[in-house]
Amino acid sequence: MAWMAWTWQTALFFGAVGLGLAVMTLAEIRWPTQSRRGFLPMATTRGDRFFISLLGSAFIHIAWLAATDLPVALASLLSLGYAALVMSKG
Amino acid sequence: MQRANNRAWLAVAPVVLVVAFTAIAPLMTVVNYSVQDIFDVHTRLFVGLDWYRETLRDPRFLEALARQLGFSALVLALEIPLGIWIARCMPLQGRMTVAFLIVLAVPLLIPWNVVGVIWQIFARPDIGLLGAAVTALGVSYNYTSSALDAWITLALMDMWHWTSLVALLCFAGLAAIPPAYYQAAELDGASRWQVFRHVELPHLKSVLTIAVLLRLMDSLMIYTEPFVLTGGGPGASTTFLSQYLTSMAVGQFDLGPAAAFSVLYFLLILLLCWLFYTSVMKRGDEAA
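In this text the structure is predicted, and so the values were computed from the model without any measurement.

S.K.: Describe the overall build of chain A, listing the residues and the values that go with them.
M.R.: What chain A contains, in helices and strands, is 3 helices and 0 strands. In chain A, the succession of helices and strands from N to C terminus is α-α-α. Here chain A holds 90 residues, and 14% of them are scored as buried. Across chain A, contacts joining residues at least 24 apart in sequence account for 49% of those joining residues at least 6 apart.

S.K.: Describe the nonpolar core, naming the residues involved and giving the relevant values.
M.R.: Judged by nonpolar contacts, the single largest core of 29 residues is most densely connected at Leu245(B), Ala260(B), Phe261(B) and Leu264(B). Looking at this core, the elements with two or more residues in it are helix 2 (46-67) of chain A together with helix 1 (9-34), helix 2 (50-56), helix 3 (59-89), helix 11 (241-251) and helix 12 (255-287) of chain B. Here the element with the most residues in this core is helix 12 of chain B; it accounts for 8 residues. If we skip the residues at most four places from it in the chain, Phe261(B) touches Thr55(B), Phe61(B), Leu245(B) and Met248(B). Phe100(B), Leu104(B), Leu168(B) and Leu204(B) belong to the second largest nonpolar core, which has 15 residues in total.

S.K.: Hey, could you go over the domain arrangement of chain A for me, with residue numbers and the actual values?
M.R.: What the domain assignment lists for chain A is domain 1 (1-32) and domain 2 (35-90). A C-alpha centroid distance of 17 Å is found between domain 1 of chain A and domain 2 of chain A.

S.K.: Talk me through the interface of chain A and chain B; I want residue IDs and the actual numbers.
M.R.: Taken together, the contacts link 17 residues of chain A with 23 residues of chain B. At 6 residues, the largest contribution of residues to the side of chain A that touches chain B is made by helix 2 of chain A.

S.K.: Requested: an account of the confidence of the model for chain B, with residues and values cited.
M.R.: In low-pLDDT regions, the fine details of the predicted coordinates are not to be read closely. A residue-level look at chain B finds 96% of positions with pLDDT of 70 or above and a mean pLDDT of 90. Here the predicted complex scores 0.85 on pTM and 0.92 on ipTM.

S.K.: Lay out the packing of helix 1 (residues 8-30) of chain A against helix 2 of chain A with the relevant residues and their values.
M.R.: All names here are of chain A. Interhelical geometry of helix 1 versus helix 2 gives an angle of 165° and a closest axis separation of 11 Å. One element, helix 1, and the other, helix 2, form an angle in the roughly antiparallel class. The handedness of the crossing between helix 1 and helix 2 comes out as right-handed. On helix 2, the residues that touch Gly-20, Met-24 and Ala-27 of helix 1 are Arg-46, Gly-47 and Phe-50. Here the residues of the contact of helix 1 with helix 2 are counted per class, giving 3 nonpolar, 2 polar and 1 charged.

S.K.: Explain the packing of helix 2 of chain A against helix 3 (residues 72-89) of chain A to me, using residue names and the numbers behind them.
M.R.: All names here are of chain A. Interaxial distance between helix 2 and helix 3 falls to 9 Å at its minimum, and their mutual angle equals 155°. Classified by the interaxial angle, the pair formed by helix 2 and helix 3 is roughly antiparallel. As helix 2 packs across helix 3, the resulting crossing turns out to be right-handed. Together, Arg-49, Phe-50, Ile-52, Ser-53, Gly-56, Ser-57, Ile-60, His-61, Trp-64 and Leu-65 of helix 2 and Val-72, Ala-75, Leu-78, Ser-79, Tyr-82, Ala-83, Val-86 and Met-87 of helix 3 make up the contact between the two elements. In the contact of helix 2 with helix 3, the residues fall into 12 nonpolar, 5 polar and 1 charged.

S.K.: For the environment of Arg36(A), give the residues involved together with the corresponding values.
M.R.: Residue and element names in this part refer to chain A. Tracing the backbone through its elements, the reader meets Arg-36 in the loop between helix 1 and helix 2. Through-space distance from the C-alpha of Arg-36 to that of Gly-90 is 8.6 Å; in sequence the pair is 54 residues apart. Setting aside its immediate chain neighbours within four residues, Arg-36 contacts Ala-43 and Thr-44.

S.K.: How would you sum up unusual backbone geometry? Please name residues and give values.
M.R.: Comment: phi is negative for the bulk of residues other than glycine, and the bulk of peptide bonds are trans. With omega at 0°, the peptide bond leading from Gly233(B) into Pro234(B) counts as cis. Within the element layout of this structure, Pro234(B) appears in the loop between helix 10 (224-229) and helix 11. Despite not being glycine, Ala5(A) has its phi angle at roughly 55°, a positive value. For Ala5(A), the location among the structural elements is in the segment before helix 1. Positive phi, normally seen in glycine, also occurs at Phe253(B), with a value near 55°. Structurally, Phe253(B) is set in the loop between helix 11 and helix 12.

About the thresholds
Residues numbered from 1 in each chain as written. Chains lettered and ligands numbered in written order. Predicted model: local features only at pLDDT ≥ 70, side-chain atom pairs only at ≥ 80, totals over all residues. Helix = DSSP H or I, 4+ residues; strand = E, 2+ residues; numbered from the N terminus. Buried ≥ 20, exposed ≤ 12 C-beta atoms within 10 Å, placed from the backbone. Contact = placed C-beta atoms within 7 Å. Core = buried A, V, L, I, M, F, W, Y, C linked by C-beta atoms within 7 Å. Domains from an automatic or database assignment. pLDDT = per-residue confidence, 0-100. Axes fitted to C-alpha atoms, helices over the stretch in contact; angles between N-to-C directions. Parallel < 35°, antiparallel > 145°, perpendicular 65-115°, else oblique. Left-handed = near helix turned anticlockwise from the far one by under 90°. Nonpolar A, V, L, I, M, F, W, Y, C, P; charged D, E, K, R; others polar.

Right, dumping it as structure tokens:
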């Protein structure tokens, strides 16, 4: 695995994404998702909203890094809020 | 209630393994590289998100990004209508259809670097057929010294190479429309435009979605043809993201910044394709 140049920070990141996917899979088995309309402009399933949360969070971080020198942890907090909003009301 | 049998998912497991080995693990490695300063395999330094910050504030990256988006928008705006038009002009049956299909397929069979070489010679103002003809008409044209000429040549080259893909996909879509639709339109006295708008275009939606997605992704990743034709010049006027990335990764061997660049590039393509796909599907759901 040395060729993959792991750091504990990236391992934590991928672990969190992997855990998210595992939870989503289990949730899908236990409570099969229904497509629904929220504040997003199209009907989405739980998986769609998870993907939108991840992609949106990535771009929140990108915008943060491009625009400000403030700590990135604030962008992560903002992303968590955004993800919670999309997952619950999206 | 009948319970779903999920054992079929096991059949997908080999594909998942192959994708994990060939795509996911390399992508994770790129992400790992993007947060480190890589000196060699064993010597590396964690730098956090510094490479991302540096890349996002690099004027050359932003200029290459703007050029990239402009190029993609330009070729899509040219190739999609032209591909539809060519497909509509083609006979749906008969010997001529086969001849058309063969002619259209030829550019798709030519390797990208060969296309670059063909156009490099074809567009030369001194010996190239196109370049010499344009010059003989009294038009000042030189793609090696004029940014505008370089862009026009690149766009023409891309159209020459890829419009036939759009045309072939649209032809397949048109050939699948049952004749009864045309007969009904004729009985209603529909004009040629109305037939296209209300009969053909709705039936072409699926193939056009595929065509636009393929051309969007491919134009966003274009590398070989402009590299061979213009080398990114004159100046940096035709240096797109992929060329700039290659100069960082291979030319300067800056693996950390190049990895951060790659992740940003990947996310951009992912976002654009997802936005396009979602908007098309949404329109389809609303129309249904």
